[in-house]
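Chain by chain, the residues:
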Amino acid sequence: MKLCLINHSYKYELEKLIRIFLPFEKIEFSETQEEGDRIAVTSLVKGEKETLLSAKLLIDNKSYGFSESILNDIPDYDNECERLLAVALYNCFVSASGYVPEWGILTGVRPAKLFSRLCSSDGLSSAEDWFKKGLMVSENKISLCRETVESEGRITALSAPDSYSLYISIPFCPTRCAYCSFVSHSVEQAKNLIPDYIRLLKEELRLTAEIAKKLNLRLETVYIGGGTPTALSAEQLGEIMTAVKDYFDLNHLREYTVEAGRPDTVTADKLDTIKRLGATRISINPQTMNDDVLSVIGRRHTAKDTEEAFYLARKLGFNNINMDLIAGLPTDTFESFKSTVEKILGLNPESVTIHSLSMKRASTLSMEDALPEIEQGKTASAMVDYARETLSKNGILPYYMYRQSKTVGNLENVGYAKKGFEGLYNVYIMDETHTILACGASAVTKLREPDGNLISRIFNFKYPYEYISRFSEQLTRKDGIVEFYEKHPICNK
């Protein structure tokens, strides 16, 4: 598709909008009017008193057009021009496809954070009105934002200017799942790297702890994720968790999560190590309880394996277990997903996270027909709505939310939990509440200004072999943490 930008430079937001409807289409840009098929023309014409903002979509030999106008002297003129061009182009695509995305023109990762900010500045009613009329968000997603923000507020209030969380990356898995977009390596392929990786990770943890102590930071949550941390042996996990215990001040710790992840990696000795060394929360993630779907997505375990891993964790004393599910998996049906949710509820976990599948394959049909992603999205939408309704009825309520690009149905990922069992780290990372110090390959340290909203990031090397071979360079990046706090000191009141 070609996107024509006439008399304006609002390329970024309009490109993201097209991705809602055509997630895999190559987009070319032009600053002049072009003719032909599969062309979106967006135009800004500024008159003496008013500006005309228009969009025209030419696709499959059909034409769709919408326009908006605003006064030239309105506040926030540039942002309004961008928004109204997005609205006009959105209306073109809705007319062409018959598909009405529930998130409207909103493409950001953190809708709940935006909703919360609007509530704080303008009040709940105005925030809801803006989401509905300004951003074209459905009532269903507005109510989800409202519920999520209520829960998030209770959690973010626990954080102080000197708070921080620790994230530890274990980028190894038993096998790579078909849908996975994270940096992870199979244990078989990477087994020769693992000893050096663990040795250097412990050194990074030691240095990070020294920096946190120097800055008088207070550790609130620890999260060991990946990958699949339990792809490591019990001894290897023990090395890492012992380093956390030895190096960091855990006196103020509110939560310690380890992703047990794949049920086929869960063993009694690993769970015993995790519990003995301080973890208070684990995840056991089936993604689906349908064995046929598990086979399609490349998971080497069964629904029975998930149940056995869960019961083993309960037997060993874990009373805070999360389980991840994915809506929209290949070959999964609404009825199958419904059965999965019911089976998970039968296990009675403390929290359940509903992810929407991140799509990979390219579009194959035209807008004249139903796009495969759109049809898949309708099913996934019904799945997430069912999950929300059913979990909520059982006292498992939404507490954090985020979105990713190219998710089926342009949907969201939502964490649900019983009251008192919300995953604090999940809220802190998504809300950007406080600093996250991150260690390991592909980990990203996120520094939050103690008394402001400035965010600064420090990126670790992405791949384990890179992390190992350039480790000394990796450690020098940690100097950025001290430099940040020297510029933005903590002022506890």
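Nothing here was measured: the structure is a model prediction, and the numbers come from that model.

1. A look at the packing of aromatic side chains
Part 1 of the reasoning: Applying the stated rule across the entire model yields 16 aromatic pairs.
Part 2 of the reasoning: Aromatic side chains F21 and F93 sit 5.0 Å apart centroid to centroid with 15 degrees between the ring planes, which places their arrangement in the stacked category. Of this pair, F21 sits in helix α1 (residues 11-21) while F93 sits in helix α2 (residues 77-97), and the two are 72 residues apart along the sequence. For the pair shown, F21 and F93 are each scored as buried.

2. Side note on the nonpolar core
Part 1 of the reasoning: Counting residues in hydrophobic clusters, the biggest one holds 134 residues, and the most contacted among them are L57, F131, L166, I168, L201, L205 and I354.
Part 2 of the reasoning: With 13 residues, the single largest contributor to this core is α2.
Part 3 of the reasoning: Counting 16 residues, the second largest nonpolar core, distinct from the first, contains Y400, Y402, Y425 and I436.

3. A closer look at helix α17 (residues 479-487)
Part 1 of the reasoning: Those residues of α17 not exposed but buried are G480, I481, V482, F484 and Y485.
Part 2 of the reasoning: In this fold, the buried residues of α17 make contact with α7 (194-214), β16 (435-439), β17 (444-448) and β18 (455-459).

4. Some details on the environment of A382
Part 1 of the reasoning: Within the secondary structure, A382 is located in helix α13 (residues 372-393).
Part 2 of the reasoning: On the basis of relative accessibility, which here comes to 33%, the residue A382 falls in the partly exposed class.
Part 3 of the reasoning: For the pair A382 and V222, spaced 160 residues apart in sequence, the C-alpha to C-alpha distance is 34 Å.

5. A closer look at the side chain of K446
Part 1 of the reasoning: Looking at the element boundaries, K446 is found in strand β17.
Part 2 of the reasoning: Discounting chain neighbours no more than four positions away, the residues touching K446 are R110, I429, E432, H434, T435, I436, I455, S456 and R457.

6. Brief notes about the state of the cysteines
Part 1 of the reasoning: Counted under the stated rule, the structure contains zero disulfides.
Part 2 of the reasoning: As a non-bridged cysteine, C119 has C145 as the owner of its nearest cysteine sulfur, 8.9 Å distant.
Part 3 of the reasoning: On the accessibility criterion, C119 (21% relative accessible area) is partly exposed.

7. Description of the packing of α7 against helix α8 (residues 234-247)
Part 1 of the reasoning: Orientation of α7 relative to α8, taken along the N-to-C sense of each, is 10 degrees, at an axis distance of 9 Å. With respect to each other, α7 and α8 are oriented roughly parallel. Where α7 approaches α8, its residues I194, I198, L201, K202, L205, R206 and A209 are matched on the opposing element by Q236, E239, I240, A243, V244 and Y247.
Part 2 of the reasoning: The residue inventory of the contact of α7 with α8, partitioned by class, reads nine nonpolar, one polar and three charged.

8. Some words on α7
Part 1 of the reasoning: An ideal rise of 1.5 Å per residue puts 30 Å on 21 residues; α7 measures up with 30 Å between its terminal C-alpha atoms.
Part 2 of the reasoning: Within α7 the residues assigned to the buried category are I194, Y197, I198, L200, L201, E204, L205, T208, A209, I211 and A212.
Part 3 of the reasoning: Note on α7: the residue one or two positions beyond its end, N216, has a positive phi of about 60 degrees.

9. A few points about the sheet that holds strand β5 (residues 62-71)
Part 1 of the reasoning: An order of β2-β1-β3-β4-β5 is seen for the five strands of this open sheet, with the pairing classed as mixed. The open sheet has two edge strands with one neighbour each: β2 (28-30) and β5. Adjacent strand axes in the sheet meet at a mean angle of 15 degrees, parallel and antiparallel pairs treated alike.
Part 2 of the reasoning: With three bridges joining them, strand β1 (residues 2-6) and β2 adopt parallel strand pairing. Across the sheet, residue K2 finds its bridge partner in β2, namely E28.
Part 3 of the reasoning: Strands β1, β2 and β3 (39-46) of the sheet are contacted by α1, whose axis makes an angle of about 150 degrees with β1.

10. Details of the packing of helix α4 (residues 124-134) against helix α5 (residues 139-156)
Part 1 of the reasoning: Axis separation between α4 and α5 bottoms out at 10 Å; the angle between their running directions is 145 degrees. Considering the relative orientation of α4 and α5, their crossing is right-handed. The residues of α5 that touch α4, namely those facing L124, E128, F131 and K132, are E139, I142, C145 and R146.

11. A short note on the pattern of salt bridges
Where charged atoms of side chains with opposite charge meet at close range, the side chains can pair.
Part 1 of the reasoning: In total, this model carries 29 salt bridges according to the counting rule given.
Part 2 of the reasoning: Across the pair K133 and D129 runs a salt bridge, and its minimum N-O distance is 3.3 Å. In this pair, K133 and D129 are both assigned in helix α4, four residues apart and thus about one turn of the helix distant.
Part 3 of the reasoning: The exposure class assigned to K133 is exposed, which follows from its relative accessible area of 59%.
Part 4 of the reasoning: Beyond isolated ion pairs, a larger network of salt bridges with shared partners links R110, K113, E432, K446 and R457.

12. Topic: the side chain of D324
Part 1 of the reasoning: Relative to the elements of secondary structure, D324 occurs in strand β12 (residues 321-327).
Part 2 of the reasoning: No salt bridge is formed by the buried D324. Its closest oppositely charged neighbour is R281, at 6.8 Å.
Part 3 of the reasoning: Of the polar contacts made by the side chain of D324, one reaches the side chain of H355; its length is 3.3 Å.
Part 4 of the reasoning: Filtering out sequence-adjacent residues up to four positions away, D324 remains in contact with I284, N285, P286, Q287, T353 and H355.

Definitions and limits used
- Residues numbered from 1 in each chain as written.
- Predicted model: local features only at pLDDT ≥ 70, side-chain atom pairs only at ≥ 80, totals over all residues.
- Heavy atoms only, no water.
- Phe/Tyr/Trp six-rings, centres within 6.5 Å; stacked < 30°, edge-to-face > 60°.
- Helix = DSSP H or I, 4+ residues; strand = E, 2+ residues; numbered from the N terminus.
- Buried < 20%, exposed > 50% of the residue type's maximum accessible area, 1.4 Å probe, protein only.
- Core = buried A, V, L, I, M, F, W, Y, C linked by side-chain atoms within 4.5 Å.
- Contact = heavy atoms within 4.5 Å.
- Disulfide = S-S within 2.5 Å.
- Axes fitted to C-alpha atoms, helices over the stretch in contact; angles between N-to-C directions.
- Parallel < 35°, antiparallel > 145°, perpendicular 65-115°, else oblique.
- Nonpolar A, V, L, I, M, F, W, Y, C, P; charged D, E, K, R; others polar.
- Expected span 1.5 Å × (residues − 1).
- Pairing = 2+ DSSP bridges.
- Left-handed = near helix turned anticlockwise from the far one by under 90°.
- Salt bridge = Lys/Arg side-chain N within 4 Å of Asp/Glu carboxyl O.
- Lys, Arg positive; Asp, Glu negative; His and termini not counted.
- Polar contact = N/O pair within 3.5 Å; in protein donor to acceptor, adjacent residues only side chain to side chain.

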